[in-house]
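# What the coordinates show
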Amino acid sequence: MAIVGADGFHLLDALAGQTTPRAAAALPSVAVLRRVWARHFERAKDGTGGACLGPTQGRGPGDRVESPYDADAPFRAKSSTRWTGYMVHLTESCDAGAPRLVLHADTTPANVHEASRTAAIHTALAEKGLTPAEHLVDSAYVSADHLIAARESHRIDLVGPGRRNLSWQTKIAEAFSLDDFAIDWDRQLARCPEGAESTSWAESTKHRGQRPTIRVGFRAADCRTCTSRHRCTRIRSRYVGRVLALLPRREHEALAAARMRERTEQGRHLYAQRQGVEGTISQAVRAFGLRRARYRGLAKTGLQHLATAAALNLERLAAWLTERPLEPTRVSRFAALLA
Ligand code: SF4
């Protein structure tokens, strides 16, 4: 690797030299090579012209180009999964009494976050005349802004668990989380589960152009003597009461309504229909090789995904017309033991 790195630097130095024709140094492939080398190699500090692999830790997001053969295919780490390439977002129908068909395949470089595709997918579905009344998605595609934009721009009811609030109050069943407080927006007042009313309401923005947050404070004297204090706040000071951080009203209410639906039987039943897409991805991976990009570049990989979606649909239509039943959902032996 050290020799490969040193050779690469040698070549790049030569290309940057005075004697190299400008047209050669300006080739797009040279620019890609430069980015790849900047990401993977470091010059030896002893001035010998050697090189070594750069550290993989602490590289940060930066320029995630991995290979000079495909500059569209960046690196991504998501939980314990790491890969280089692309990401595909499949949208399928789940109407009762009809075959489940893939309606849209949206392909992006791997490092494009799911959240940035919700609106793009809705626009694409609208252009095809396939806007769903309800769109069941996983939490990565849901935020207050997405809920509002889907409803207002496309009349889509976006259904999915909002990203988790990570405060300790949401992790302990008996603790008082934000949802346990009644908010009176018109009076700019919050009432806690013990009946105390907030005494301060202040809107602030950390950075210019950023969405404001609202901090709502309770009187320290109320919280100090409250018998439920241990369920509500861990603020040590006796002189500070519970403080809530709220999004602006529209966003707060959109998220609160989504969370409320999640807890109802009807909401759970509705969202359970989304499970089918796991089978679709599994079928696309196992039967049609979705996990591997056959071509280089975003455009061709996107085309591959469209072909895969078309093949899935043909297979499903054939199954539907020949009345071939769906495979039952597999239950692991461990889960079967627990049942
Ligand atoms: S600690 Fe304060 S805000 Fe929390 S329940 Fe008690 S009185 Fe209400």
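Thresholds applied
- Residues numbered from 1 in each chain as written.
- Predicted model: local features only at pLDDT ≥ 70, side-chain atom pairs only at ≥ 80, totals over all residues.
- Heavy atoms only, no water.
- Pairing = 2+ DSSP bridges.
- Helix = DSSP H or I, 4+ residues; strand = E, 2+ residues; numbered from the N terminus.
- Axes fitted to C-alpha atoms, helices over the stretch in contact; angles between N-to-C directions.
- Patch = residues over 30% accessible without salt bridge, like charges linked within 9 Å, V, L, I, M, F, W, Y side chains within 5 Å.
- Areas by Shrake-Rupley, 256 points an atom, 1.4 Å probe, with all protein chains shown as cover.
- Salt bridge = Lys/Arg side-chain N within 4 Å of Asp/Glu carboxyl O.
- Buried < 20%, exposed > 50% of the residue type's maximum accessible area, 1.4 Å probe, protein only.
- Phe/Tyr/Trp six-rings, centres within 6.5 Å; stacked < 30°, edge-to-face > 60°.
- Lys NZ or Arg CZ within 6 Å of the ring centre and 35° of its normal.
- Lys, Arg positive; Asp, Glu negative; His and termini not counted.
- Charge placed at Lys NZ, Arg CZ, Asp CG, Glu CD.
- Contact = heavy atoms within 4.5 Å.
- Near = heavy atom within 4 Å.
- Nonpolar A, V, L, I, M, F, W, Y, C, P; charged D, E, K, R; others polar.

## Digging into the sheet that holds strand β5 (residues 81-84)
Note: strands within a sheet are paired through backbone hydrogen bonds, in either parallel or antiparallel orientation. The three strands are arranged β3-β4-β5 in an open sheet whose pairing can be described as antiparallel. If you trace the sheet from one side to the other, it starts and ends with β3 (65-67) and β5, each paired once. In this sheet, neighbouring strand axes are inclined to one another by 35° on average, regardless of whether the strands run parallel or antiparallel. Here strand β4 (residues 70-78) pairs with β5 via four bridges, running antiparallel.

## Details of a nonpolar patch on the surface
Residues Ile235, Tyr239, Val240 and Val243 make up a contiguous nonpolar surface patch of about 350 Å² in total accessible area. Here valine 240 lies in the loop between α7 (229-232) and β14 (243-246). We classify valine 240 as partly exposed; its relative accessible area is 35%.

## A short note on the packing of aromatic side chains
Tallied over the entire structure, the rule returns three aromatic pairs. Ring centres of tryptophan 37 and phenylalanine 41 lie 4.8 Å apart, and the angle between their planes is 35°; this geometry places the pair in the tilted category. Here tryptophan 37 and phenylalanine 41 have matching classes, each one buried. Here phenylalanine 181 and phenylalanine 218 contribute two aromatic rings whose centre-to-centre distance is 5.6 Å and whose plane-to-plane angle is 55°, an arrangement assigned as tilted. In this pair, phenylalanine 181 sits in the loop between β9 (157-159) and β10 (182-184) while phenylalanine 218 sits in strand β13 (residues 213-218), placing the two residues 37 residues apart along the sequence. In terms of burial, phenylalanine 181 and phenylalanine 218 fall into one category: buried. Taking the ring centre of tryptophan 168 as reference, the NZ or CZ of arginine 234 above it sits at 3.9 Å.

## Things to note about a positive patch on the surface
Taken together, the side chains of Arg286, Arg291, Arg292 and Arg330 define a basic patch exposed on the protein surface. Along the chain, arginine 330 falls in the loop between α11 (298-321) and α12 (333-338). With a relative accessible area of 72%, arginine 330 lands in the exposed category.

## With respect to the environment of arginine 294
Topologically, arginine 294 is positioned in the loop between α10 (276-288) and α11. On the basis of relative accessible area, arginine 294 is assigned to the exposed category, the value being 59%. Contacts of arginine 294, omitting those with residues within four sequence positions, involve Phe288 and Gln304.

## With respect to the site of the ligand
The full set of residues close to the ligand is Phe176, Cys192, Glu194, Phe218, Asp222, Cys223, Cys226, Arg229, Cys232 and Arg242. Put simply, the parts of the chain that give the shell around the ligand at least two residues each are α6 (220-224) and α7. Among the residues forming the shell around the ligand, the class breakdown is six nonpolar, no polar and four charged.

By themselves, these observations are geometric and do not establish any function.
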